[in-house]
Amino acid sequence: MSTDLRTPDDVRIEKRDLKFGRETPPPRWWHSGDPGRTAFFNALSSTFPVGEKFFMTAVRHYREGTPQPLRGQIDDFLYQESMHTREHVVFNRQAEDAGFDIASAEDRARRTIAWAKRRSPIQQLAATCALEHFTATLAHDALANPEHLGGAAEEARQLWRWHAIEEIEHKAVAFDTYLHAARAMTPLRRWLKRSTVMCVTTMRFHYVIFRNTADLLRQDGRNDWATWKMLLAWLYGRHGLMRALARGVFTYMRPGFHPWEVDDRSLLEEALRLLEAGRGKEMMA
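These notes cover the structure that comes with them. Here the structure is a predicted model, which is why all the values come from computation and not from measurement.

### Looking at the packing of aromatic side chains
Piece 1. Within the structure shown, the criterion is met by 15 aromatic pairs.
Piece 2. Ring geometry for tryptophan 30 and phenylalanine 41: centres 5.8 Å apart, planes at 65 degrees, overall edge-to-face. You can see tryptophan 30 sitting in the segment before helix H1 (35-60) and its partner phenylalanine 41 sitting in helix H1, a full 11 residues away along the chain. The residues tryptophan 30 and phenylalanine 41 share a single accessibility class, namely buried.
Piece 3. Where phenylalanine 40 meets phenylalanine 41, the ring centres are 5.6 Å apart and the plane angle is 85 degrees; that geometry is what we call edge-to-face. Each member of the pair, phenylalanine 40 as well as phenylalanine 41, is classed as buried.
Piece 4. The structure contains a cluster of three or more aromatic residues connected by ring pairs, namely Trp30, Phe40, Phe41, Phe48, Phe91, Trp160 and Trp234.
Piece 5. Note that arginine 119 overlies the ring of tryptophan 115, its terminal NZ or CZ placed 4.6 Å from the centroid.

### A word on the pattern of salt bridges
Piece 1. Under the definition given, this model contains 22 salt bridges.
Piece 2. As a salt-bridge pair, arginine 273 and glutamate 270 come within 2.7 Å of each other at their nearest N and O atoms. Of the two residues, arginine 273 and glutamate 270 both sit in helix H10 (residues 265-279), 3 residues apart, roughly one turn of that helix.
Piece 3. Residue classification places arginine 273 among the partly exposed residues on the basis of a relative accessible area of 46%.
Piece 4. The structure contains a network of salt bridges with shared partners spanning Asp17, Lys19, Arg22, Arg86 and Glu87.

### What to know about the side chain of arginine 108
Piece 1. Note on placement: arginine 108 falls in helix H3 (residues 103-117).
Piece 2. The exposure class of arginine 108 is buried, given its relative accessible area of 6%.
Piece 3. A distance of 2.6 Å separates a polar atom in the side chain of arginine 108 from a polar atom in the side chain of asparagine 212.
Piece 4. Leave out the neighbours within four places in its chain, and arginine 108 touches Tyr207, Val208, Arg211, Asn212 and Asp215.

### Observations regarding empty space enclosed by the protein
Piece 1. Taken as a whole, this structure holds 4 cavities of 30 Å³ or more when the rule is applied.
Piece 2. Here the second largest cavity is characterised by a volume of approximately 60 Å³.
Piece 3. Taken together, Phe20, Gly21, Pro26, Glu87, Val90, Phe91, Gln94, Glu155, Ala156 and Leu159 form the lining of the second largest cavity.
Piece 4. Put simply, the parts of the chain that give the lining of the second largest cavity at least two residues each are helix H2 (70-97) and helix H5 (154-169).
Piece 5. The element best represented in the lining of the second largest cavity is H2, accounting for 4 residues.
Piece 6. Its residues assigned to classes, the lining of the second largest cavity comprises 6 nonpolar, 2 polar and 2 charged.

### Overview of the packing of helix H4 (residues 121-144) against helix H9 (residues 241-252)
Piece 1. Direction vectors running N to C along H4 and H9 enclose 135 degrees, while the axes themselves pass 9 Å from each other. When the axes of H4 and H9 are compared, the pair comes out oblique. The two elements H4 and H9 meet at a crossing, and its hand is right-handed. Residues Ala126, Cys129, Ala130, His133, Phe134, Thr137, Leu138, Asp141 and Ala142 of H4 lie in contact with H9, whose contacting residues are Leu241, Met242, Ala244, Leu245, Gly248, Val249 and Tyr252.
Piece 2. Its residues assigned to classes, the contact of H4 with H9 shows 12 nonpolar, 3 polar and 1 charged.

### Quick word on the nonpolar core
Piece 1. Counting residues in each nonpolar core, the largest one holds 80 residues, and the members touching the most others are Phe40, Phe41 and Trp160.
Piece 2. Residue contributions to this core peak at 12 residues, all from H4.
Piece 3. Other than its neighbours up to four places away in sequence, phenylalanine 40 contacts Ile209, Thr213, Leu231, Leu235, Leu241 and Met242.

Reading the values: rules and limits
- Residues numbered from 1 in each chain as written.
- Predicted model: local features only at pLDDT ≥ 70, side-chain atom pairs only at ≥ 80, totals over all residues.
- Heavy atoms only, no water.
- Phe/Tyr/Trp six-rings, centres within 6.5 Å; stacked < 30°, edge-to-face > 60°.
- Helix = DSSP H or I, 4+ residues; strand = E, 2+ residues; numbered from the N terminus.
- Buried < 20%, exposed > 50% of the residue type's maximum accessible area, 1.4 Å probe, protein only.
- Lys NZ or Arg CZ within 6 Å of the ring centre and 35° of its normal.
- Salt bridge = Lys/Arg side-chain N within 4 Å of Asp/Glu carboxyl O.
- Polar contact = N/O pair within 3.5 Å; in protein donor to acceptor, adjacent residues only side chain to side chain.
- Contact = heavy atoms within 4.5 Å.
- 1 Å grid on protein atoms, 1.4 Å probe; cavity = no way out; pocket = protein on both sides within 12 Å on 5 of 7 lines; lining within 4 Å.
- Points joined across faces, edges and corners; volume = space filled by probe spheres on them.
- Nonpolar A, V, L, I, M, F, W, Y, C, P; charged D, E, K, R; others polar.
- Axes fitted to C-alpha atoms, helices over the stretch in contact; angles between N-to-C directions.
- Parallel < 35°, antiparallel > 145°, perpendicular 65-115°, else oblique.
- Left-handed = near helix turned anticlockwise from the far one by under 90°.
- Core = buried A, V, L, I, M, F, W, Y, C linked by side-chain atoms within 4.5 Å.

Below, the structure written as structure tokens:
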């Protein structure tokens, strides 16, 4: 159960202060004019502000005493997550402006995080590792398969591309922090704890996301079998986002796993090129 793998030395966790959609808010069904795809991504976004604050607290708890370069990576992680929180607060408010009531979705995320906060600090960090693995897995697949963001309104596509880039950049920070925080444990106990937490987190994540999606579809009068059939085929089909996430859970459970055993630096370079082409001067400011 080796813990030798670490983030490659040339991976940089950049501090970017970008703003999205302030002048051109997305339409109601901003993803491909499709209520199902829109509801799924809106359901994800509704969890991000409270979720990312939880991630920051869980990782920050162990910052003191961590060696360099991990301590610097933690600081960069905290900055990126704070920017994600800010932009998804705006995105969620725009969903409300488009006519969605996302209060129940946000409340469901808050209740789940409140439950997690009653666990020990190391369990909160393990949960953060699991959820960061989810976001990194979804990010990789979203960038690797243009279809996932194809058809989205331009500003929304740029927001999700930026978020995906940064989730990949910092995908190992929580995990490496966990390895440091749990260094006194035996390798078996360290693996058992993160694997057990991953199992629980997987169940709660799916419950929250799909309940939130159902709430949003109900508001469009589309919470029916026809809509779900199309959405689930898109999410779990051969190249589906949630199919990739399911595979990622099993990868994570393997002893000796490390997030950077999937080397997506070349994918990052291409995604950054597309982001810079879309943002222009804002990226160079």
